[in-house]
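Observations on the model geometry
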Amino acid sequence: MTAKKKAQVSVYLDPHVMKALSAYAARREQPMSLIAEAAIASFLSPDADERREAAIAKRLDQQDRRLARLERDVSIGVETLALFIRFWLNTTPPLPEPAAKAARAQAGARYDNFITTLGRRLNEGPKLRQEIPEDVQDDSNRAPNLP
């Protein structure tokens, strides 16, 4: 039985594509026709679409997980801020005017200290989101709601 002879095809390639093909073939120490045949076979393969779709689906799943983590982190931040504000408003009595003037005078320094502490925590950790479990199943151990 005789092997079927391969058919010859002439194609026109852009100079940059030809240069890339030539360089790739040289690196692999393979003939350019073998590289071109493999590329055409891969392009025409029905599996190519499935592989591409699987790769896209994988990337979308990764993006979906990242977005879910981002939503969780933002939710933690918003709830933490709201809880703090509610607690602060319920527990801090208004200051008499002489003390209020003194407090306003110290506000800038206290704010700068807060920003410095926040920056250090963001750089060094641990992050608040790392201290909070992903799924909280048991509601009986939760701290009571503040007024």
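Here, every reference points to the structure presented above.
Below: a short report on this structure. Sequence order sets the numbering: in each chain, residues are counted from 1 along the sequence as written. Only residues with pLDDT of 70 or above have their local features reported here, since the model is predicted, and side-chain atom pairs are shown and tallied only from 80 upward, although totals for entire chains, interfaces and linings are computed over all residues. Processing note: side-chain calculations cover all non-hydrogen atoms of the structure and skip hydrogens and water entirely.

1. What about the overall build of the protein?
Threshold: Note on conventions: DSSP H or I runs of at least 4 residues are helices, E runs of at least 2 residues are strands, and numbering of each starts at the N terminus. Think of it in three bands: with a 1.4 Å probe and only protein chains considered, a residue is buried below 20% of the maximum accessible area for its type, exposed above 50%, and partly exposed in between. Every residue pair with non-hydrogen atoms within 4.5 Å of one another is taken to be in contact.
Within the protein, the secondary structure is distributed over five helices and zero strands. Mapped from its N terminus to its C terminus, the protein presents α and β elements in the order α-α-α-α-α. For the protein, with 147 residues in total, the buried portion stands at 5%. A separation threshold of at least 6 residues defines the contact pool for the protein, and within that pool the share at least 24 residues apart is 47%.

2. Some words on the side chain of Arg 72
Position of Arg 72 among the secondary structure elements: in helix H3 (residues 46-91). Using a relative accessible area of 16% as the deciding quantity, one classes Arg 72 as buried. The contacts of Arg 72, once residues within four sequence positions are left out, are Arg 129, Ile 132, Pro 133 and Glu 134.

3. Details of the packing of helix H1 (residues 15-28) against helix H2 (residues 32-44)
The test is simple: To define axes, lines are fitted to C-alpha atoms, for helices over the stretch in contact only, and angles between the resulting N-to-C directions are given on a 0 to 180 degree scale. Throughout this description, any angle smaller than 35 degrees is read as roughly parallel, any larger than 145 degrees as roughly antiparallel, any in the 65 to 115 degree range as roughly perpendicular, and the remainder as oblique. The handedness criterion is simple: a crossing whose near helix is rotated anticlockwise from the far helix by less than a right angle is left-handed, and one whose near helix is rotated clockwise is right-handed.
The N-to-C vectors of H1 and H2 enclose an angle of 110°; their axes lie 9 Å apart at closest approach. By the angle class used here, H1 and H2 are roughly perpendicular. Crossing angle aside, the handedness with which H1 passes H2 is right-handed. Contacts between H1 and H2 involve Met 18, Leu 21, Ser 22, Tyr 24 and Ala 25 from the first element and Met 32, Ile 35 and Ala 36 from the second.

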